[in-house]
Structure formats: C-alpha cells, structure tokens
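These are the residues of each chain, in order.
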Amino acid sequence: MTTHETPGAAPPQAPAQAQDEQQRELHRLGYQQELKRSLGLKDLLVYGLVFMVPTAPFAIYGSVFNFSKGMVALTYAIGCIAMIFTAFSYREMSRAVPLAGSVYSYAGRGVGAPFGFLAGWGVLLDYLLIPTLLYVTGAAALHAIVPGVPQWLWVVVFVAVNTGVNLAGVELFAWATRLFLIGESLVLLLFLVLGVVAVSHGVNGAHFSWDPLFNPEHFHVGMVFGALSVAALSFLGFDAISTLSEEVKGGPKLVGRATMLSLVMVGSLFVVQTFLSGLLLPGKTHFSGDTATNEAFYTVADLVGGGWFKAVVALTVALSAALANSLAAQGATSRLLYSMARDRQLPKFLAHVHPVRKVPQRAVILVGGISVILGVFFVGQIGLLSSMVNFGALFSFLLLHISVVSYYLVKKRQRTFGMHLVVPLIGFAVIAYVLYNADAKAQIAGGIWIVIGLAVIAVRRATGRPITLTQPE
C-alpha cells in the first residue's frame, strides 16, 4: 500500500534528497526524469492564479449579474465551495501519481489505460481550445482600442510571444507568469481601493449592504443550483497545476497544496471584488441588452475611477487573456501532449524534450501552430468557442473522481471512506449537474469529441494495438 507521511512526521528532506526521491518515484512508474525540476510552491501558486485569472469577473460580470439577480458574490462563493471537492481529488491523485499527464495519468493509473486515454482525450479538447479562445478574446478587446489593426494580426503576435516564452525554458515561463500576476494584482488592488472610496462617498447611491452576497427578496434554492452551472466554469485552471508535476522540486505534496491554495485564494478574490461591485449598483438586479451586459464591469470601473480607469480595466482584460492566461494554457497543453506521446497514445515525436532547455519543444510548437490556425479561423466567434471549451475539462473531472475511488478503495484497499468516497461522490455530482446544464452546442460538440475518442480506443484494440501505459523495466 502506498503511504504518504503527514506533515511533521519526519524531518524535512534536503533538496537533493527530495529530488532523488522524486526521480526514483518516476522510475517506479516506468519513466525517466526528462523535464527540469526548478519550480517551488510560489511558482505553482502563481501559475494557478494566472491560469484562473484573479480579474476573471471583469469580463463576465454582467452575465453572472443577470443570472444571479445581482448576487454575483454569492455565485462565486458557491462556485468555489463546489470546486473544492474536485480540488481535493486532484490533491489526492497528484500525491499518488506525480506525473505530468495530470488527469490522463491519474485515470490511467487509477482505473486503467483506456480510461486514462479517454480522460486525456476529453481534457485535450479543453486545453487545445482554451488558448484559441483567449487569443480571440484578447484580439477583440484590443481591436476596440486600436481598430486599425486587424484582429488576426493580434492573434499571430500573441501566439508568437507565448510560444517564445514557453520554448525558452520553465524558469522564464515562471518569471513571466509572476510578472503578469503582479500586473493583474495591481489593477485589482487599485479597483478595490477606488471602490471602497466610492462606496464611502455614496457614488451612484452606494452604501453598505449584504445584498450582493444574499438578497432574500430575490433568493431561491433553484438559483443556487443554477449558479453552479455558471460559477464553476470560472474556476477552470486550478487543475492545470498538476501538469507541472515533473518540474516541481520539493516533493509531490506541493502540487496538491498549490491546487487547494490557488483555488481558495482566487475564489476569495472573486467574492471580494464582486461584492464591492454590487455595492456600487444598489437596487439593480439586471442589465438590459447585450451591450450593457457585456460592458457591465466597465460601467462600474467608470463609476469608481472615471474614463481612464475604465480603459485600464479593458486593457487588463485583453492582456490577461491573450498573454497571461494563454501562456499558462499553452504550457499545460504541451505537457499533456508530451505525457500522452511518451506512452505512445499520441505520435511519438511529441515526446521530444529539448536537450538544453528541458521543455517539450515539439509539443509547444504544435500547440502554437494550432492556436494560430484556429485563432485566425475563429476571429470574432467568441460565443461559439466559449460553448465548446469547457466540456472536455468537466468530462475529465468526472473520470478523475471515479479514479480516486478506484485507486484508493479498490486497488490499494484503503478504508478512507471520507476523503476517497464521500468527497469524490459529491464532486462527481456537482460536475455532472454542471454538464447537464451546459450549453446544448457544448454538449453536442463535446459528445462528438468523446465518441471519436472511444472510436480510437476500439480501432486500436481491433488492430492489435490496445491502449497501454508505460511500465517499469
């Protein structure tokens, strides 16, 4: 039975000793250390926060506001609590299977190789489309500021910058994500300061109230469950921390710790900023029309800081999506491709690691190329991309929860029913509900993608090349 020491049970290991143990663990699972281990807890936290984007509510505030009757802070609080159950499952599996493949590796080792392929295939849909969506979103935002530059050109520039950073090595990647996080945090801090001042001066009739968090006049249970289908999607990205498992120094527990901490931190930021925004819109429960809804947070920014701050917020939304968030997404996608390729479940050439920079070079370049092609093709079609992008990740979350139960209770015969049965079941139910309420286009496109994955498994089995995982020599 695999055991994991509790914190404080043993003296801390020296860095060299910890890295030796991590390499032995990789060897036990059938792999060699190829990627460079240089990331610590702070790097993982920064990566998770950048992927989820601390200022994410800026872009979708109006839509969530209308759905929740103004209780946006409540919506994000519910979403954070709901996703914690999935974060717990990621934490448990990242400790048991410290591999770069994330949910692909977890499902494959927890249940079986075909199951892992299907999980990897599902999340691949999400990971391939997320960078494209972010580039298109950023291009649209900058086109509104600089209309003379065509949107496709912005897409090409964004992809070139992020591909260059990802190819340069994990240290530059970590430095860049940290820089982006500092920029986003400064804008968010400025908003919070200006917002508090505006509320204290009664701008737009603002005054302290609990309505943005709980308004009994408009609250009902159905709205709470409906909020899950909106808020849970805002947190996608914490799961990608586990794709860096083979580049972490200090032991596999850091990945699980960073996953939980980043989710709680970004959830708290979401609640605070949307609560303050709600105070500046007293008595309002709905934005009328697409334009007013899409520009809802920019309206709040104008209230607290004027036109200059409104422009700063719009530029922050554009750059955080097109550079910061997409940089993290490209890194996660390339690690997933690398992990599946070294198991021969994707073309072998994607498993190539640069001998000096120790990054999955060809996978990074492929993701960049796909992003350029799809980004230019889907310019201006943000709605269509958004409807497709979340299905794969949510589907893989379902398989993740099944993997926890299978690995710990069936394979390892542990009797830890609370963490390894109750928690995964709750997480499974939450994600299943979100998928059930997903956009019909997303369900159709995602369903077709999963069927293709099942067909690949069937064809390989029929031709004598069944899906398998690398085993120890």
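Everything below is about the structure shown above.
These numbers come from a predicted model, not from an experiment. Once a new chain begins, its residue numbering starts again from 1 and follows that chain's sequence as written. Reporting in this predicted model follows two pLDDT cut-offs: at least 70 for local features of residues, and 80 or more for side-chain atom pairs to be given and counted; totals over whole chains, interfaces and linings ignore these cut-offs and use all residues. Processing note: side-chain calculations cover all non-hydrogen atoms of the structure and skip hydrogens and water entirely.

Draft legend 1. Up close: the overall build of the protein. Counting its secondary structure elements, the protein contains 18 helices and 0 strands. Over its C-alpha trace the protein gives a radius of gyration of 22 Å, about what one expects of a compact globule, namely 23 Å for 473 residues. With respect to the three principal axes, the spread of C-alpha positions in the protein is 70 × 50 × 50 Å. A buried classification covers 55% of the 473 residues belonging to the protein. In this description a helix means any DSSP run of H or I spanning at least four residues, a strand means any run of E spanning at least two, and both kinds are numbered starting from the N terminus. For the radius of gyration, the atom set is restricted to C-alpha positions; the globular benchmark scales as 2.2 Å times the number of residues to the power 0.38. Classification of residues uses two cut-offs on accessible area relative to the type maximum, computed with a 1.4 Å probe and protein chains only: under 20% is buried, over 50% is exposed, and between them is partly exposed.

Draft legend 2. Representation of the packing of helix α8 (residues 170-200) against helix α12 (residues 296-305) in the model. Helix axes are fitted only over the stretch in contact, all axes being lines through C-alpha atoms; the angle between N-to-C directions runs from 0 to 180 degrees. Contact geometry for α8 and α12: axes closest at 8 Å, N-to-C directions at 65°. In terms of orientation, α8 lies roughly perpendicular with respect to α12. Of the two elements, α8 crosses α12, and the hand of that crossing is left-handed. Across from F191, L194, G195 and A198 in α8, the residues of α12 making contact are F297, V300, V304 and G305. With respect to orientation, any angle under 35 degrees is reported as roughly parallel, any angle over 145 as roughly antiparallel, any angle of 65 to 115 as roughly perpendicular, and every other angle as oblique. In this scheme, a crossing is called left-handed if the near helix is turned counterclockwise away from the far one by less than a right angle; it is called right-handed if the turn is clockwise. Residue contacts are defined here by distance: any two heavy atoms, one from each residue, within 4.5 Å place the two residues in contact.

Draft legend 3. A look at a nonpolar patch on the surface. Nonpolar side chains (Val, Leu, Ile, Met, Phe, Trp, Tyr) within 5 Å and like charges within 9 Å form the patches, drawn only from residues with over 30% relative accessible area and no salt bridge. Per-residue and other accessible areas were derived by the Shrake-Rupley procedure at a 1.4 Å probe size, with only the shown protein chains allowed to occlude residues. The term salt bridge refers to a side-chain nitrogen of Lys or Arg lying within 4 Å of a carboxyl oxygen of Asp or Glu. Judged by side-chain polarity, W152, L153, V156, V157, V161 and V376 come together as a nonpolar surface patch covering roughly 450 Å² of accessible area. Looking at the nonpolar patch element by element, the count peaks at 5 residues for helix α7 (residues 151-168). Of note, V376 is situated in helix α14 (residues 361-377). Overall, the relative accessible area of 37% leaves V376 in the partly exposed class.

Draft legend 4. Just the nonpolar core, in detail. Put simply, a nonpolar core is a bunch of buried Ala, Val, Leu, Ile, Met, Phe, Trp, Tyr and Cys residues held in one set by side-chain atoms that sit within 4.5 Å of each other. Membership of the largest hydrophobic core comes to 129 residues, with the highest contact counts inside it found for L44, Y47 and F191. Looking at which element gives the most residues to this core, the answer is helix α13 (residues 307-342), with 15 residues. Contacts of Y47, omitting those with residues within four sequence positions, involve F173, A240, I241, T243, L244, A328, G331 and A332. The next biggest cluster of nonpolar side chains, apart from the first, holds 10 residues, and it includes W154, A318, A322 and L323.

Draft legend 5. Molecular detail of the environment of V423. In this fold, V423 is placed in helix α17 (residues 417-436). Classification of V423 by relative accessible area gives buried; the value is 13%. With 337 residues separating them in the primary sequence, V423 and T86 have C-alpha atoms 8.2 Å apart. Apart from the residues lying within four places of it in its own chain, the contact partners of V423 are F85, F88 and G418.

Draft legend 6. Quick peek at the pattern of salt bridges. Counted under the stated rule, the structure contains 5 salt bridges. A salt bridge links D43 to R178; its shortest N-O distance comes to 2.6 Å. Of this pair, D43 sits in helix α2 (residues 41-52) while R178 sits in helix α8; the two residues are 135 residues apart in sequence, bridging distant segments of the chain. For R178, a relative accessible area of 36% puts it in the partly exposed group. Where R91 meets E92, a salt bridge forms, and the shortest distance between an N and an O atom there is 2.9 Å. Classification of E92 as buried rests on a relative accessible area of 8%.

Draft legend 7. Broad picture of the packing of helix α4 (residues 72-96) against helix α16 (residues 391-411). Relative orientation of the contacting elements α4 and α16 amounts to 50°, with a least axis distance of 10 Å. Classified by the angle between their axes, α4 and α16 sit oblique to one another. At the point where α4 passes α16, the crossing takes the left-handed sense. Where α4 abuts α16, its residues M83, F85, T86, S89, Y90, E92, M93 and A96 lie against F397, L400, H401, S403, V404, Y407 and Y408.

Draft legend 8. Looking closely at the side chain of S209. For S209, the location among the structural elements is in the loop between α8 and α9 (221-231). Look at S209 and you get buried, because its relative accessible area is 17%. N or O atoms closer than or at 3.5 Å make up a polar contact, with two conditions inside protein: a donor-capable atom paired with an acceptor-capable one, and, for residues adjacent in sequence, both atoms drawn from side chains. Within polar-contact distance, the side chain of S209 engages the backbone nitrogen of D211 at 3.1 Å. Residues within four places of S209 in sequence aside, it is in contact with F275 and L279.

Draft legend 9. Spotlight on the packing of aromatic side chains. What counts as a ring pair is set by centres within 6.5 Å for rings of Phe, Tyr and Trp (its six-membered ring), and what kind of pair is set by the plane angle: stacked under 30 degrees, edge-to-face over 60, tilted for all other angles. With the rule as written, the count across this model stands at 24 aromatic pairs. Geometrically, the ring pair formed by W121 and W449 is stacked, given 4.3 Å between the ring centres and 10° between the ring planes. Taken together, the residues span a long stretch of sequence, with W121 in helix α6 (residues 113-145) and W449 in helix α18 (residues 440-462) at a distance of 328 residues. The pair formed by W121 and W449 is uniform in burial state, with each residue classed as buried. Taking the centre distance of 5.9 Å and the plane angle of 50° together, the rings of W210 and F275 count as tilted. Separated by 65 residues along the polypeptide, W210 in the loop between α8 and α9 and F275 in helix α10 (residues 253-279) bring together distant segments of the chain.

These values are about where atoms sit, not about what they do.
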